[in-house]
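What follows is each chain in one-letter form.
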Amino acid sequence: MGEKQVMETTEAQIAVHWQEEDYYYPSSKFIGQANLTDPDIYDRFSLDNFPDCFTEYAELLTWYKYWDEVLDTSDAPCFKWFRGGQINASYNCIDRHLKKNKNKTAIHFVPELEEERVDHITYQELYVRVNEFAALLRDFAGLKRGDRVTIHMPMSAELPITMLACARLGVIHSVVFGGFSASACADRIVDSNSRVLISMDAYYRAGNLLNHKVNADEAVAIAAKDGQVVDKVLVWQRYPGKASSDTPMVDGRDYFVNDVVKKYYGARVEPEKMLSEDPLFLMYTSGTTGKPKGAQHSTGGYLAYVTAMSKYIQDIHPKDVYWCMADIGWITGHSFIVYGPLALCASTVIYEGVPTYPDAGRSWRIAQDLDVNIFHTAPTAIRALRKIGPDEPAKYTYHFKHMTTVGEPIEPEVWKWYESAVGKGEAIIVDTWWQTETGGFLCSTVPALKPMKPGSAGPGVPGIHPIILDDNGDEVTQPGIAGNICIQNPWPGQMQTIWGDRQRFVDTYFARYCKNPESKDWRDWPYVAGDAATRSQDGYYRILGRIDDVINVSGHRLGTKEIESAALVVQEVAEAAVVPVAHEIKGKEPDLYIALKPGVEATDEIAKKISDAICEQIGKIAKPRKVWLVPDMPKTRSGKIMRRVLGAISNKGDVGNVMTLANPEVVETIKNMVDKS
Ligand code: PRX
């Protein structure tokens, strides 16, 4: 059986509810310059015109050969978009801009150290560097079309260069968030069968120079134990002689890219003519089991969709300087730092470090110095910036025309600070709801066409037709009543499958409402997003949170099972349960309940050992708020841990009637323990 989503035991219950129905309208100045002002777009993208309407998005790209069929449903729900078309993503993000814009900045890279020079990489320079690195990957690392490569790198200009070099060759990249641990990286190396790992020596984060290459050594060792041999580790060097000096290079396996690439100076690599349906990349994401799943994204469909979303929702023009604060190691970074903005020939900003170090003015200084006019961030960053420097933005002279929020629900009061203090009342805001699996946006306002409403993502973007279903599969038509938000139709940015696990793909995203698993008709395959939502009278959707075992911490997605599995590796642990607890800045944090094995004493040392084990296996973002060492877990008579009860205790809510539990007395003990601390 697949990953069943059960509404009663979920985050939807503890989601923040707000009732405001304020509308904000774009200025005529914004509308006057917007890419999309034609209200007919919604008719053109109605279900009656499905799927042909999506050719409008595909035509934003340059194809070697147009498609034979817009949508091939023969292997539903693994849909093939623009089947038979031939295209290359690296060509579309670089080469096609050279004739008119080779001297325009493609990437501004801002290092953390303010005394270091900001790098302004032109499209011509990007072309040169991507070609040289592609030649290295092909001729030195022996990579070819269809191979997978794991990339574990911090934020740097070399990260998109690496991705685009892979795309040029048709090599499928799997980027692992730089903050993930060696063990998390190893899992992804093994699952994708990567024999090459690309890493970096070091990076700065909040004042510390972190050695990153050590993670590569550990990851390769762990992967080897699981049967996946990595025969080459390519290490980009940012701090020669500094950070990596204490990390020995393994002879015959590890190579500094900066040395090897010299052999390829001046090399040019013809972009591979990829089929539209060939995979471009894998992006691993958390699900309801311990094992992250590799969301497989296509070349043509994905690129068409993110380019259209960047143009119409992000309103990116080639003259814009666009800054998305996400990490490239997440889907937001792939779609809206790298592929979308570069396909549109914009200048995209990449920064090292954190927005709040060395001080709360950093973001606004960067925006001012680089003339950023489109800004994209997450509620967690907005909350943090608001808390530590509510008046900072006014000290700087930047002007945003457009701002995005993404990744988690945003409270209206935070939205309003974003609008007035950060946007200075001049910028429109789009709240974009989407997922790793969806490639690009699902719900948002088209900024020049629909008013903004704080706290609501908006209606489906053109071409996306959401529906709210109840547990029986009936549509919830009444405004304000929560249900499972689904998408009625496929779209080009939708993931193709889970890498190597088609059944899990079907079970996770479709099984719940698909009435005929043999069907080749797209209408039979509504996509189940795994979020609870309400729809209001005006057709805007408000996202309430996940309905499955996924926690959204600072906009980063973590599986509760992943964290529990990591805790269970500590030999003293008998049982582990993770629940989300509300946090002022991060949105949610994991709270970890542990029952120790009989005879093991509950001490602070054990709690720390468990917490450290989680950081080591997943990364610091998964660190629990608190490890509660409890005498026993509250359980049903059939032995199931009642996470709902633990969630209520952590969030100081009502535990409800617990008398039917096998051990109701333990609830009071745990409650006292938590309330007292
Ligand atoms: O619960 C929704 C929340 O983030 C989940 C997807 O996480 P991930 O795959 O990591 O992608 C994050 C970046 C797109 C969703 O299932 N989410 C995402 N955007 C919003 C949101 N919740 C509310 N409002 C949003 N705008």
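Residues numbered from 1 in each chain as written. Predicted model: local features only at pLDDT ≥ 70, side-chain atom pairs only at ≥ 80, totals over all residues.

- The protein chain is annotated in an unreviewed UniProt entry as Acetate--CoA ligase of Desulfamplus magnetovallimortis.
- What the UniProt record of the protein chain gives under Sequence similarities (unreviewed entry) is the line "Belongs to the ATP-dependent AMP-binding enzyme family." (UniProt positions renumbered as here; feature names shortened; annotations may be inferred.)

## Quick look at the overall build of the protein chain
(1) Moving on: Within the protein chain, the regular secondary structure consists of 19 helices and 30 strands.
(2) Moving on: With respect to the principal axes defined by its C-alpha atoms, the protein chain has extents near 75 × 60 × 60 Å.
(3) Moving on: Counting the 677 residues in the protein chain, one finds 54% classified as buried.
(4) Moving on: Long-range contacts, defined here as pairs at least 24 residues apart, represent 71% of the contacts in the protein chain between residues at least 6 apart. (Helix = DSSP H or I, 4+ residues; strand = E, 2+ residues; numbered from the N terminus. Buried ≥ 20, exposed ≤ 12 C-beta atoms within 10 Å, placed from the backbone. Contact = placed C-beta atoms within 7 Å.)

## A few points about the packing of helix α16 (residues 560-568) against helix α17 (residues 604-617)
(1) Moving on: Following both chains from N to C, one finds α16 and α17 inclined at 120°, their axes separated by 8 Å at the closest point. If you check the angle between α16 and α17, you find them oblique. Crossing angle aside, the handedness with which α16 passes α17 is right-handed. Between α16 and α17, the contacting residues are Ile 563, Ala 566 and Ala 567 on the first element and Ile 610, Ala 613, Ile 614 and Gln 617 on the second. (Axes fitted to C-alpha atoms, helices over the stretch in contact; angles between N-to-C directions. Parallel < 35°, antiparallel > 145°, perpendicular 65-115°, else oblique. Left-handed = near helix turned anticlockwise from the far one by under 90°.)

## Concerning the site of the ligand
(1) Moving on: Near the ligand lie 22 residues; those nearest to it are Trp 433, Gln 435, Thr 436, Ile 543 and Arg 557.
(2) Moving on: Of all the secondary structure elements, the ones that give two or more residues to the shell around the ligand are α11 (331-343), β20 (428-432), β24 (527-535) and β25 (541-546).
(3) Moving on: The residue inventory of the shell around the ligand, partitioned by class, reads eight nonpolar, nine polar and five charged. (Near = placed C-beta within 6 Å. Nonpolar A, V, L, I, M, F, W, Y, C, P; charged D, E, K, R; others polar.)

## Observations concerning unusual backbone geometry
(1) Moving on: Going from Ala 76 to Pro 77, the amide bond is cis rather than trans, its omega being 5°.
(2) Moving on: Note on placement: Pro 77 falls in the loop between β1 (69-72) and β2 (80-83).
(3) Moving on: With an omega of 5°, the peptide bond running from Tyr 357 to Pro 358 counts as cis.
(4) Moving on: Within the fold, Pro 358 resides in the loop between β17 (347-351) and α12 (362-370).
(5) Moving on: The phi dihedral of Asp 315 falls on the positive side, at around 55°, and the residue is not glycine.
(6) Moving on: Among the structural elements, Asp 315 can be located in the loop between α10 (300-312) and β16 (321-324).
(7) Moving on: Using a count of 25 C-beta atoms within 10 Å as the deciding quantity, one classes Asp 315 as buried.
(8) Moving on: Positioned with a positive phi, Lys 424 is a non-glycine residue whose angle comes to about 50°.
(9) Moving on: Structurally, Lys 424 is set in the loop between α14 (412-422) and β20.
(10) Moving on: Judged by the 15 C-beta atoms lying within 10 Å of it, Lys 424 is partly exposed.

## With respect to the sheet that holds strand β22 (residues 483-487)
(1) Moving on: Reading across from one edge, β21-β22-β24-β25 is the order of the four strands in this open sheet, with antiparallel pairing throughout. The open sheet has two free edges, formed respectively by β21 (466-469) and β25, since each of these has just one partner strand. Going from strand to strand, the sheet's axes swing by 50° on average, the running direction of each strand aside.
(2) Moving on: Inspection of the sheet shows β21 paired to β22 by four bridges, in the antiparallel sense. Within the sheet, the bridge partner assigned to Ile 467 lies in β22 and is Cys 486. (Pairing = 2+ DSSP bridges.)

## A word on α14
(1) Moving on: Buried within α14 we find Trp 415, Tyr 418 and Val 422. Angular distribution of buried residues about the axis of α14 spans 85°; they occupy a single face of the element.
(2) Moving on: Turning to α14, the residues buried within the fold contact α13 (379-388), β19 (402-406) and β20. (Arc of directions from axis to C-beta.)

## Let's talk about the pairing of β20
(1) Moving on: With five of five residues buried, β20 lies mostly within the body of the structure.
(2) Moving on: Burial along β20 is two-sided: the face carrying Ile 428, Val 430 and Thr 432 and the face carrying Ile 429 and Asp 431 are both buried.
(3) Moving on: Direction of pairing for β19 relative to β20: parallel, over a ladder of five bridges. Counterpart to Thr 405 in the pairing with β20 is Asp 431.
(4) Moving on: Crossover connection from β19 via α14 to parallel β20: handedness right-handed. (Right-handed = clockwise from strand over helix to strand, strands pointing away.)

## Quick look at the UniProt feature "domain: Acetyl-coenzyme A synthetase N-terminal" (unreviewed entry) in the protein chain
(1) Moving on: Cross-referencing UniProt, the feature "domain: Acetyl-coenzyme A synthetase N-terminal" (unreviewed entry) maps to residues 45-93 in the present numbering.
(2) Moving on: Secondary structure across residues 45-93 divides into 18% helix and 20% strand, with the first and last C-alpha atoms of the span separated by 26 Å.

## Some thoughts on the sheet that holds strand β23 (residues 497-498)
(1) Moving on: Strand order in the open sheet formed by eight strands is β12-β11-β8-β6-β7-β14-β15-β23, with mixed pairing between adjacent strands. Taken across any chain shown, the strands that pair with only one partner, and hence form the sheet edges, are β12 (254-256) and β23.
(2) Moving on: The sheet contact formed by strand β15 (residues 293-298) and β23 spans two bridges and is antiparallel. Note that in β23 the partner of Gln 296 across the bridge is Thr 497.
(3) Moving on: Across the face of the sheet, helix α6 (residues 158-169) comes into contact with β6 (148-153), β7 (172-177), β8 (196-200), β11 (232-236) and β14 (279-285) while running at roughly 175° to β6.

## A short note on the packing of α10 against α11
(1) Moving on: Between α10 and α11, the shortest axis-to-axis distance is 8 Å and the interhelical angle comes to 85°. The orientation of α10 with respect to α11, classified from their angle, is roughly perpendicular. Contact residues: Leu 303, Val 306, Thr 307, Met 309 and Ser 310 in α10; Ser 335, Phe 336, Tyr 339, Gly 340, Pro 341 and Ala 343 in α11.
(2) Moving on: Residue classes in the contact of α10 with α11 are distributed as seven nonpolar, four polar and no charged.

## So, the confidence of the model for the protein chain
(1) Moving on: Overall, the predicted model of the protein chain reaches an average pLDDT of 93, with 96% of residues at or above 70.
(2) Moving on: We note a pTM of 0.91 for the whole complex and an ipTM of 0.99 for its interfaces. (pLDDT = per-residue confidence, 0-100.)

## What to know about the pairing of β8
Each regular strand shows side chains that alternate between the opposite faces of the sheet.
(1) Moving on: Extensive coverage of β8 is indicated by the burial of five of its five residues.
(2) Moving on: Side chains Val 196, Ile 198 and Met 200 of β8 all project onto a buried face; the interleaved residues Leu 197 and Ser 199 project onto the opposite face, where all are buried too.
(3) Moving on: Summarising the sheet, β6 and β8 pair through two bridges and their orientation is parallel. Of the residues in β8, the one forming a bridge with Thr 150 is Leu 197.

## Quick notes on helix α5 (residues 123-139)
(1) Moving on: The end-to-end C-alpha separation of α5 is 24 Å, in line with the 24 Å expected for 17 residues at 1.5 Å each.
(2) Moving on: Summarising burial for α5: 12 of the 17 residues are buried, a large majority.
(3) Moving on: What α5 keeps buried is the set Tyr 123, Leu 126, Tyr 127, Arg 129, Val 130, Asn 131, Glu 132, Phe 133, Ala 134, Ala 135, Leu 136 and Leu 137.
(4) Moving on: In this structure, the buried residues of α5 make contact with α4 (89-101), β4 (105-110), β5 (119-122), α6 and α9 (257-260). (Expected span 1.5 Å × (residues − 1).)

## Comments concerning the environment of Thr 432
(1) Moving on: With respect to the secondary-structure elements, Thr 432 resides in strand β20.
(2) Moving on: Thr 432 gets classed as buried once you count the C-beta atoms within 10 Å, which come to 24.
(3) Moving on: Linking Thr 432 and Ser 456, residues 24 residues apart in sequence, is a C-alpha distance of 9.2 Å.
(4) Moving on: Those residues in contact with Thr 432 that lie beyond four places of it in its chain are Ile 313, Thr 404, Val 406, Phe 441, Ser 444 and Ala 457.

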